[in-house]
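Breakdown of the fold
Listed here are the chains, written in short residue letters.
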Amino acid sequence: MSFPISLEFFPPKTPEGADKLRAVRQQLYGLRPEFCSVTFGAGGSTQEGTLATVREIMGEGCAAAPHLSCIGQSRDSIRERLAAYGAAGVQRIVALRGDLPSGYGLGGEFRYASDLVAFIRSETGHRFRIEVAAYPEVHPQAKSPEADLQAFIAKVEAGADAGITQYFFNADAYLRFVDELRRRGVDAPVVPGIMPITSSSQLLRFSDACGAEVPRWIRLRLQAFGDDTASIQAFGLDVVTALCEQLREAGAPGLHFYTMNQSKAVLEISRRLGA
């Protein structure tokens, strides 16, 4: 599609999962994504899987951006990871603080994602394009909306090129976030993160965990469908396509789809958007 999109995958844990993800990617490459990002587990628990998946994607002819989280990491371990990514031909990185695993102390030599961004720049100059996380509905651990805005600004000032948001279903939250940044003189692109709705229970569980707001009307409609998967998915396609259309018309610089290693919903939303 002419409107830029990117896709997020997570490293599969089994050979069967790897085979399934290869098939999913082949279906989604028809959308000509700008890049595919690959997640990185808490404390680096999937880091080898991240690199293996990134190499496969690049071997399939698509740009890939590994996530790099700094919780529990040392400067040496991050330096090694950057060297491995550079040797693999990676040109962009999604730099994150990362989630704290349960029972896991903060640890490591980096406290904030801005520290990680500054370290990547000091070590590698402009070798990598760096994307960072943005939270239009405020990070659940932020002291205030203003503190959250300042945290994003700190990442840009440390050298980040662009932001990718946590998913949301209220376009106004995104538009207000971008307006607040522009008022402060920050012009880095902020790409909306889009979560297809394919399962009611999964969506509500994820959203409660990460602080993404599911508007009451969406929550009630999903609950009313009960176990009617077909109705949930049809409703989800309508809601998310309308959100994407609103964002596109409002001037969003692209869309970043959280695929959950599935292709069906992303393909249908893209088709409805004119892909």
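Sequence order sets the numbering: in each chain, residues are counted from 1 along the sequence as written. Residues qualify for local features only when their pLDDT is at least 70, as the model is predicted, and side-chain atom pairs are given and counted only at 80 or more; totals for whole chains, interfaces and linings, by contrast, use all residues. Note that the side-chain values use all heavy atoms of the structure and ignore hydrogens as well as water.

Things to note about the overall build of the chain
Short version of the rule: Elements are defined by DSSP. Helices are runs of H or I of four residues or more, strands are runs of E of two residues or more, and each kind is numbered from the N terminus. The atom set for the radius of gyration is the C-alpha atoms, and the globule formula is 2.2 Å times the number of residues raised to the power 0.38. When checking whether two residues touch, look at their non-hydrogen atoms; a contact exists if any pair is within 4.5 Å. We get accessible surface area from the Shrake-Rupley algorithm with a probe of 1.4 Å; when it comes to residues, only the shown protein chains can shield them. In this tally, Lys and Arg are treated as positive and Asp and Glu as negative; His is ignored, and so are the chain termini. Charged side chains are reduced to one point each, which is NZ for Lys, CZ for Arg, CG for Asp and CD for Glu.
Counting secondary structure elements, the chain contains 10 helices and 8 strands. In terms of overall dimensions, the chain is globule-like: its C-alpha atoms have a radius of gyration of 18 Å, near the 19 Å expected for 275 residues. Viewed in the frame of its principal axes, the chain has a C-alpha envelope of about 50 × 45 × 40 Å. Intrachain contacts of the chain at a sequence separation of at least 6 include 79% that bridge at least 24 residues. Surface accessibility of the chain: about 12,800 Å² in total, with carbon and sulfur atoms responsible for 49%. Each charge class in the chain can be summarised by its mean position, and for the 29 positive and 31 negative side chains these summaries are 1 Å apart.

Some remarks on unusual backbone geometry
Backbone phi values are negative for most residues with the exception of glycine, while trans is the configuration of most peptide bonds. Of note, the phi angle at V138 is positive, near 75°, even though the residue is not glycine. Checked against the element boundaries, V138 lands in the loop between β5 (129-134) and α5 (145-158). Phi angles above zero are rare outside glycine, and N261 is one such case at about 60°. Tracing the backbone through its elements, the reader meets N261 in the loop between β8 (255-258) and α10 (264-272).

Re the pattern of salt bridges
Stated precisely, the cut-off is as follows: Every case where a carboxyl oxygen of Asp or Glu lies within 4 Å of a side-chain nitrogen of Lys or Arg is listed as a salt bridge. Here the term buried applies to any residue with accessible area under 20% of the maximum for its type, exposed to any over 50%, and partly exposed to those in between, with areas from a 1.4 Å probe on protein chains only.
Inspection of every chain in the model, using the stated rule, returns 18 salt bridges. Across the pair E146 and R184 runs a salt bridge, and its minimum N-O distance is 2.5 Å. With a gap of 38 residues between them, E146 in helix α5 and R184 in the loop between α6 (171-183) and β7 (190-194) connect regions that are remote in the sequence. Using a relative accessible area of 34% as the deciding quantity, one classes E146 as partly exposed. On the basis of relative accessible area, R184 is assigned to the partly exposed category, the value being 32%. As a salt-bridge pair, R271 and E268 come within 2.8 Å of each other at their nearest N and O atoms. In this pair, R271 and E268 both sit in helix α10, 3 residues apart, roughly one turn of the helix. The exposure class assigned to E268 is partly exposed, which follows from its relative accessible area of 21%.

A few points about the packing of aromatic side chains
Quick reminder of the rule: When the centres of two rings from Phe, Tyr and Trp lie within 6.5 Å, Trp using its six-membered ring, the rings pair. Their planes under 30 degrees apart give stacked, over 60 give edge-to-face, and anything left gives tilted. To sit over a ring, a charge needs its Lys NZ or Arg CZ within 6 Å of the ring centre and within 35 degrees of the ring normal.
The full count for this structure, using the stated rule, is 7 aromatic pairs. Arranged with centres 6.4 Å apart and planes meeting at 65°, the rings of Y167 and Y258 form a pair that is edge-to-face. On the criterion of sequence distance, the pair formed by Y167 in strand β6 (residues 162-167) and Y258 in strand β8 is long-range, its members being 91 residues apart. Take Y167 and Y258: they sit in the same class, and that class is buried. Among the aromatic residues, ring-to-ring pairing joins Y167, F169 and Y258 into one connected group. The lysine or arginine in question, R127, covers the ring of F128, its NZ or CZ lying 4.8 Å from the ring centre. Lying over the aromatic face of F3, R248 brings its terminal NZ or CZ to 6.0 Å of the ring centre.

Topic: the side chain of T165
Mapped onto the secondary structure, T165 falls in strand β6. Look past the residues within four positions of T165 in its chain and what remains in contact with it is A134, P136, Y174, V190, V191, P192, G193 and Y258.

Considering the environment of D19
Applicable threshold: Any N or O atom pair separated by 3.5 Å or less is treated as a polar contact, with the protein-specific requirement of one donor-capable and one acceptor-capable atom, and with residues adjacent in sequence counted only for side-chain atom pairs.
Relative to the helices and strands, D19 is located in helix α1 (residues 15-28). Polar side-chain contacts of D19 include one of 2.6 Å to the side chain of R22.

With respect to the sheet that holds strand β1 (residues 5-9)
Rules: DSSP calls a pair of strands paired once it identifies at least 2 bridges connecting them. Lines fitted to C-alpha atoms define the axes, with helix axes restricted to the stretch in contact, and inter-axis angles between N-to-C directions lie between 0 and 180 degrees.
Pairing is parallel in the closed barrel, where 8 strands are placed in the order β1-β2-β3-β4-β5-β6-β7-β8. Going across the sheet, the axis of each strand differs from the next one's by a mean of 30°, ignoring polarity. Pairing of β7 with β8, which is carried by 2 bridges, proceeds in the parallel orientation. Note on β8: the bridge partner recorded for G193 is H256.

Keep in mind these values describe shape, not function.
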